[in-house]
Amino acid sequence: MTVQAQAPTGHALHAQGVRRAFGSVQAVVNASLTLTPGTVTALIGPNGCGKTTLMLMLAGLLRPDGGTVEVLGHDPVTAGAVARKGIGWMPDVLGMWDSLTCTETLATFGRAYGLSKADADARAFTMLEKVHLADLAAQPARVLSRGQKQRLSLARALMGDPSVLILDEPASGLDPRSRIELRDLVRALAAEGRAVLISSHVLSELDEMVDEAVFMSKGVTLGESAEAEVARARARWRVTALPGHDVHAALSEAARDWSPVEGADASVAVVHVADADDAADLLASLVASGMRISAFGPVGSALEQAYLSIEQERR
Amino acid sequence: MTTTETSPNPTVTAPARKGNPWLPTLHGTFLVTRIELLRRRPSTKGWIFYGILLAAILGLGILVSVLSTAEKTSTPLELVLVLVLGAGMLIGPSLSATSINGDSGEGVLAPLQMTHLTAGDLAVGKLLSSWFVAFAVLVTTTPFLVYAYARSGWHLGELLLVLVVILFLVLTATAVGLAWSAIAARAVASVSLAHLTTGVLVIGTLVLFAFTAPLVSDTMTETDRYVAWDELSDEQSTALEDAYNTGDFSAVDPDALVCDEETYEYGIAHTERTAWMVLINPLVVIEEVSPLVNPLTFEEDGRAAPGIFANVHQMVSSARIGPTEADAQMMEYDECADIATMASGDDESADGGNAYQDTWEQQQEEQAMYPRTPWLGLGLQVLLLVGAMAIVTHRLRVPYRTLRTGTRVA
Amino acid sequence: MTILEEAPPITAAIQATGVARAFGSVQAVQDATLTVERGKVTALIGPNGCGKTTLMLMLAGLLRPDAGEIRVAGADPRTDSAAVRAAIGWMPDQLGSWDNLSCLQTLTLVGQSYRIPAAQARAKGLSLLRKVHLEEFADRPTRVLSRGQKQRLSLARALVHDPAVLLLDEPANGLDPRSRVELRQYVREIAAEGRAVLVSSHVLAELDEMVDDAVFMSKGRTLGDDAARMVAHARTRYRVWSLDVDALRRALTDASVPFEEAEGGAMVSIADEAHAQQALAWLVGAGVPVHRFGPAGSALEQTYMAMEEDRR
């Protein structure tokens, strides 16, 4: 897999203060983000916060009203052709040419990206292998299931060998196994040196997939405050003891920063730990003090925690 | 969706239901019609489009009224009626032909099928809502209709009857569109098929009528007699030439003339056998319910001169009557007999023409006043309406037994 | 809630036995058997194209089964589909709304379609809009709604007539994270009111927290007791993370505890919480630096993965 030489600035895509209105509706107010080659960045926000609009602007399909976007050092507004060449975009709507086969669909896009016929066919074949659709290569797109179409859509986004991949809700509608496969595929694409921006609503899954997260709310990307929130959430451990054991007292005794869990008794608490070593130390000391602990680990999804606390403030 | 919120939860009372009803109900039909009309509230662009359409209709109307003379004429009225029928038969099916497969594609059909609405409610409601839009076209033409009617020589009852029939024809075309929408998976297909059906009825029937004429033709032989000029003596030729020039045939001895006979074969179409093809044409149905105009006495009758409809009626009647004895007689030409008649002095030369003229006028009057028969056309329309609605209702009934190929429930 | 008072003594709101349905030559559902009880949330889980949606359509009385028996609130959808539809609130997987109509208008009209008087339908619509946080959109056309908002409107629409049984086909698809959390709570609330809920979803981790029962489906068949046993088994799997993985595995091997290797630690089988506590105390006591210890993720997901290995 060949990826073009990266822009000298060290980032694949950089957006600063981007905004866009549709009529009187300000879809994106002020969005800034940076994608680094080899990393997966999540774009997280509630329905209608402007994620898709932002992605369209990054992909060079929509002109921002203000702000700057730079893809591999090019501005999609003034140098659209060059910028789009570096970008693979997977839309949130599934559009396929029903009567074309998978290979034909991909090869046609390959030709549209300016590949020769032979190259386009070869690349189509490689991409189908990559997304595990090789055995359906000769089937028309209409017989594909939703998950298979989703993978074909991803393959289509990869036809131009992009350095930047923008995936809008790629897991939407996928069954559990396909979700896991998608996760692995995205990680593999990042490992090849591509920069990936991915949006999803299932934060527990993003937790395992992404390196960075950009939170968005009402058209604004939340910068460092959100990062701090994620870091805080990653350091929150839940301690569960057998019923009737007072974890709260034990944690207070150990002079720990802890909080009770809503709707649970004193046998459950959430405690702040600095890192894994600190967690191991805490567990050892709790067990040594005779506390009967049955579960000990991070509180659910860090991204979800962060998301919910950020959203809480904004309501 | 938070648990903490204590919003009042109003109780609702929905009646219990049994069985699997499908017949339309008044309440359900009304509700579906309302929903569909609310959904079709035009956007700004839509209003602009309708404005242009209305302006076009009015403009055309004004143009016709300016160009026409002050005397009574039914042509403007007939044009408006044809326009209303045409617009209705385009708009109604266009709307209805997307309203089942389109809704299903958008995912808004099945949620309604889940409610107490029956298949009949949905079918009739969708039919009426599309039809109302076509009805609105009629309403927009009212100003010009009133003007055109005022000088048409028609009676009010006659106009109302034609309007009712037009609305009925549009209703049927709309129902056919709805049926295609229930059958075809894609909106593109059902809209094309709906317009194709209308096209077959309006143009196809005429084409078919024209093409089937040879199949119902009989071969007739006809004998013409001519004076054999070559065999006449010089005196005879001179006398006959003079007679033709002066109109005085007294110097000609008809018995001495030598005559040649020539026999021709020609085909006559027994159009009375294929006239039904024309009668099922919606335009013909309209014409067949509009008033008869006697081409000889229209002025005394207080009518305008025969317009498009009256002329079409005459043509249709001629097709229905088929070839007659009089036609055959008029075809034959016997120069010798004519000369004999004129030489005997019984008849003036103009009288021969008069006899011909009388026959022709009689025939015209007979055709023009031939009884109207919209029944075949209307009967077919009733069949189409009932059949289409039966298909629609059947295909809307849940639980589905079969689905349109390549579609999902929803 | 009137539902509770009227509820007949039987608790099964949906009872389906040996249901089958083919589309042409494609056998979408081959043999589906399931029971959905009042007051409980039941999950319907399976890969794309396994027949979940077709089964739900048959339960909803929209599609006629080729074979098998279905009873919804005591009625047979084949002969008494009106009664079935009256008892069911169905939220389809496809998002559809009348673009031109406002949210409140939509709910009112759907209510009236159930022959609820207009005033009542309107009041109910308003309260439901409040419930799904769309009250600010009550008078705005549905075309301005985002995907997640439409999804919530669709849920409200399914509840307009106070159904005794709720069928939710992928209700969380496209919902944002907070709405997903709220949906989970709301579904639990609905069940607590005595209604039966059947819900399908692909995000098994979320279902874990929401459902009482699970029905797995594969290639048109529901998997009965096998799958239930596998879920029970999956619930006994614990995962241990240690700073020193080797020390952990050595300790387990020395004590001849069977385990599977997992990234950063090991998987072990533990019957219940009390045993878990003992196991953890023993490991820590043996000097293994454990920093994470708990049930191994989603029981439903593990079952699904174990069951679905032969997908291709």
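Residues numbered from 1 in each chain as written. Chains lettered and ligands numbered in written order. Predicted model: local features only at pLDDT ≥ 70, side-chain atom pairs only at ≥ 80, totals over all residues.

Asker: I would appreciate a short explanation of the domain arrangement of chain C in the present structure.
Answerer: For interface size, the figure often reported is the accessible area lost on association. All names here are of chain C. For chain C, the assigned domains are domain 1 (2-223) and domain 2 (232-307). A C-alpha centroid distance of 38 Å is found between domain 1 and domain 2. Opposite the ten residues of domain 1 that make contact, domain 2 presents seven residues. Residue assignment for the side of domain 1 that touches domain 2 shows that the elements contributing at least two residues are strand 3 (41-45), helix 8 (204-210) and strand 8 (213-218). When residues of the side of domain 1 that touches domain 2 are assigned to their parent elements, the largest contribution, four residues, is made by helix 8. (Domains from an automatic or database assignment. Contact = placed C-beta atoms within 7 Å. Helix = DSSP H or I, 4+ residues; strand = E, 2+ residues; numbered from the N terminus.)

Asker: Could you clarify how one ought to interpret the interface of chain C and chain A in this entry?
Answerer: Counting residues at the interface gives 39 residues for chain C, matched by 35 residues for chain A. For the side of chain C that touches chain A, the secondary structure elements donating two or more residues are helix 6 (147-158), helix 7 (177-192), helix 8, helix 11 (273-285), strand 13 (290-295) and helix 12 (299-307) of chain C. In terms of residue count, helix 11 of chain C provides more of the side of chain C that touches chain A than any other element does, eight residues in total.

Asker: Mind showing me how you'd approach unusual backbone geometry here?
Answerer: Glycine aside, the phi torsion of most residues is negative, and most peptide linkages are trans. A positive phi angle is found at A:Leu72, which is not glycine, with a value near 50°. Inspection of the secondary structure puts A:Leu72 in the loop between strand 4 (66-71) and helix 2 (80-85). Of note, the phi angle at C:Asp162 is positive, near 50°, even though the residue is not glycine. For C:Asp162, the position within the fold is in the loop between helix 6 and strand 6 (165-169). Classification of C:Asp162 as buried rests on a count of 21 C-beta atoms within 10 Å. (Buried ≥ 20, exposed ≤ 12 C-beta atoms within 10 Å, placed from the backbone.)

Asker: Hey, could you run me through the packing of helix 8 (residues 156-183) of chain B against helix 17 (residues 375-396) of chain B in this one?
Answerer: Relative orientation and spacing of two packed helices are given, respectively, by the angle between their axes and the distance between those axes. Residue and element names in this part refer to chain B. Between helix 8 and helix 17, the least distance of the axes is 8 Å, while the angle of their chain directions is 30°. Considering only the axes of helix 8 and helix 17, their crossing is left-handed. In this structure, helix 8 contributes Phe168, Leu169, Leu171, Thr172, Ala175, Val176, Leu178, Ala179, Ala182 and Ile183 to the contact, and helix 17 contributes Gln381, Leu384, Leu385, Ala388, Met389, Ile391, Val392, Arg395 and Leu396. Residue composition of the contact of helix 8 with helix 17, by class: 16 nonpolar, two polar and one charged. (Axes fitted to C-alpha atoms, helices over the stretch in contact; angles between N-to-C directions. Left-handed = near helix turned anticlockwise from the far one by under 90°. Nonpolar A, V, L, I, M, F, W, Y, C, P; charged D, E, K, R; others polar.)

Asker: Would you mind going over the interface of chain B and chain C with me for this structure?
Answerer: In this complex, chain B contributes 42 residues to the contact, which on the side of chain C involves 53 residues. With five residues, the top contributor of residues to the side of chain B that touches chain C is helix 1 (residues 26-39) of chain B.

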